[in-house]
Amino acid sequence: MAGIKRKALESGAVKCVVKDLREEFVEDYLWPMLKAGAVYENGYLLGTSIARPLIAKHQVEVAHAEGATAVAHGATGKGNDQVRFEVTFMALDPSLKIIAPWKDPNFTLTSREAAVDYAKKHKIPIEQTKKQIYSRDRNLWHISHEGADLENPANEPKDNLFVISNPISKTPDKADYVSIGFEQGVPVSLSGKKIGGVKLIETLNEIGGKHGIGQVDVVENRLVGMKSRGVYETPGGTILIAAHSALESLALDRETMHYKQQIALKYAELVYYGLWFTQLREALDAFVDVTQRNVTGEVKLKLFKGRCSFAGAKSPKSLYRTDLASFKMGAEYDPTDATGFIRLFGLQTKVASIVNKGKKIKN
């Protein structure tokens, strides 16, 4: 963020408002998404998607404070972000006019290369060059990389692409272990010590990044109808999701867990589509919060060569019982009970098989 105010004013702004939204980002956006278990298309941890509604919300608030009648964004006309920003603007104040230069037919921005030329012409300081033209979005949760050589899915990401994590070839040969404590689904401690959400994610980003944790290469289905490729680094988020999932496996009963997995898919869609400020998302949060009542405990994970592996967990609300799980038979479980259960459970399958084979059912 260094120099951001100067850049804004040199770009023609009459005033620049910079806000530190990290705590709100964690408490009101990341933790609900973490508790829901939302992951888009099996790999994308929604780092950009979840940040856009928060940014747009504060744009609207600043517009109100300044008496502005319009809000703007710099998203292109081919991506998801234009939807996320504009849907949020409409949800929070439909009277505001929306300005989107990339979609203005009278403007000259037709590519990232054209944007670099425009910035150079108007003396706007930017980091990108035509040789380093990746589209990147970074926040506390992740950093994304798109464009340039990544647009060809046959190309492997280069080691120098990664910004907040080591390429696997440069990770340590010795593993690190982390222990994360949860209370009702929310991470609250690291290695037994209480820690705030922002500091926790920053610390896990550092530890996980050292081991190349959270690097994913995804060809995803954009909301606007096309496929796109993104390479994402989400070290801390990957660790937290793995820990939360492991704890849920102890604390949730079978039917709740299976239904929650379905909810997670819908929740991920809502976040990806920019539908954060909707009644459905609020309703899903209410369901998720009930499921998290017993998700309390501590999870240990091993970080090594890009892998985040389960290394143990404990919970005062655990439904796991050693006496039941053991292969030893005891008074707590009568195996003969399974005989009648299986007969009833498999009855419809048995009847269907008899009918399909043309046989008569024997009483």
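This is a predicted model, so every value here is computed, not measured.

**Structural notes on a nonpolar patch on the surface**
Here comes step 1: On the surface, M1, I4 and V18 cluster together into a nonpolar patch covering about 300 Å² of accessible area.
Here comes step 2: Secondary-structure assignment places V18 in the loop between α1 (4–10) and α2 (22–36).

**Some points on helix α3 (residues 47–66)**
Note on helix geometry: an α-helix contains 3.6 residues per turn, so any two residues three or four positions apart are oriented the same way.
Here comes step 1: If you check α3, its first and last C-alpha atoms are 29 Å apart, about what 20 residues at 1.5 Å a residue would give, namely 28 Å.
Here comes step 2: G47, T48, S49, I50, A51, R52, P53, L54, A56, H58, V60 and A63 are the residues of α3 that are buried.
Here comes step 3: Downstream of α3 by a residue or two, G67 has a phi angle that is positive, lying close to 75°.

**Observations concerning the sheet that holds strand β3 (residues 135–138)**
Here comes step 1: Spatial ordering of the open sheet is given by β3-β4-β9-β8, a layout of four strands whose pairing is antiparallel. The open sheet terminates on both sides in strands that have one partner only, identified here as β3 and β8 (215–221). Recorded for the sheet is a direction-independent mean angle of 25° between the axes of neighbouring strands.
Here comes step 2: One ladder, built from three bridges, connects strand β4 (residues 143–146) with strand β9 (residues 227–233); its direction is antiparallel. Bridge pairing links S144 to Y232 in β9.

**Structural notes on the pairing of β8**
Here comes step 1: Sheet topology note: the β8/β9 ladder contains seven bridges and is antiparallel. Bridging across to β9, N221 finds its partner in K227.
Here comes step 2: Adjacent in sequence and paired antiparallel, β8 and β9 are bridged by five residues, among which G225 carries a positive phi angle near 110°.

**Section: unusual backbone geometry**
Here comes step 1: Phi is positive for A148, close to 55°, though the residue is something other than glycine.
Here comes step 2: In this structure, A148 sits in the loop between β4 and β5 (176–183).
Here comes step 3: One non-glycine residue, K305, lies in positive phi territory at about 50°.
Here comes step 4: Relative to the helices and strands, K305 resides in the loop between β10 (297–304) and β11 (307–314).

**Describing the packing of α2 against α3**
Here comes step 1: Closest axis-to-axis distance for the α2/α3 pair is 11 Å, and the angle between their directions is 140°. As the angle between them shows, α2 and α3 are arranged oblique. α3 is crossed by α2, and the crossing has right-handed handedness. Contacts between α2 and α3 involve E24, F25, Y29, L30 and M33 from the first element and G47, I50, A51, P53, L54, K57 and H58 from the second.
Here comes step 2: By residue class, the composition of the contact of α2 with α3 is eight nonpolar, two polar and two charged.

What counts and how
Once a new chain begins, its residue numbering starts again from 1 and follows that chain's sequence as written. It should be noted that, the model being predicted, local features are given only for residues of pLDDT at least 70 and side-chain atom pairs only at 80 or more, the latter also being counted only at that level, while totals for whole chains, interfaces and linings use all residues. Excluded from the side-chain calculations are hydrogens and water; all other atoms, namely the structure's heavy atoms, are used. Like-charged residues are merged into a patch within 9 Å and nonpolar side chains (Val, Leu, Ile, Met, Phe, Trp, Tyr) within 5 Å, provided each residue has over 30% relative accessible area and no salt bridge. Note on areas: Shrake-Rupley, 1.4 Å probe, and residue coverage restricted to the protein chains presented here. Here, a salt bridge means any side-chain nitrogen of Lys or Arg that lies within 4 Å of a carboxyl oxygen of Asp or Glu. Put simply, DSSP marks the helices as runs of H or I at least four residues long and the strands as runs of E at least two long, and each gets a number from the N terminus on. To estimate the expected span of a helix, count its residues, drop one, and scale the result by 1.5 Å. Exposed residues in this analysis have more than 50% of their type's maximum accessible area, buried residues have under 20%, and partly exposed residues fall in between, with area computed by a 1.4 Å probe over protein chains only. A pair of strands is labelled paired if DSSP reports no fewer than 2 bridges between them. A fitted line through C-alpha atoms represents every axis, and for helices the fit uses only the stretch in contact; the resulting angles, taken between N-to-C directions, go from 0 to 180 degrees. Note that the term roughly parallel is reserved for angles under 35 degrees, roughly antiparallel for angles over 145, roughly perpendicular for angles of 65 to 115, and oblique for everything else. Rotating anticlockwise by less than a right angle from the far helix to the near helix defines a left-handed crossing, while the corresponding clockwise rotation defines a right-handed one. In this description, contact between two residues means that some pair of their heavy atoms is separated by no more than 4.5 Å. Residue polarity follows a fixed list, in which Ala, Val, Leu, Ile, Met, Phe, Trp, Tyr, Cys and Pro are nonpolar, Asp, Glu, Lys and Arg are charged, and the others, Gly among them, are polar.

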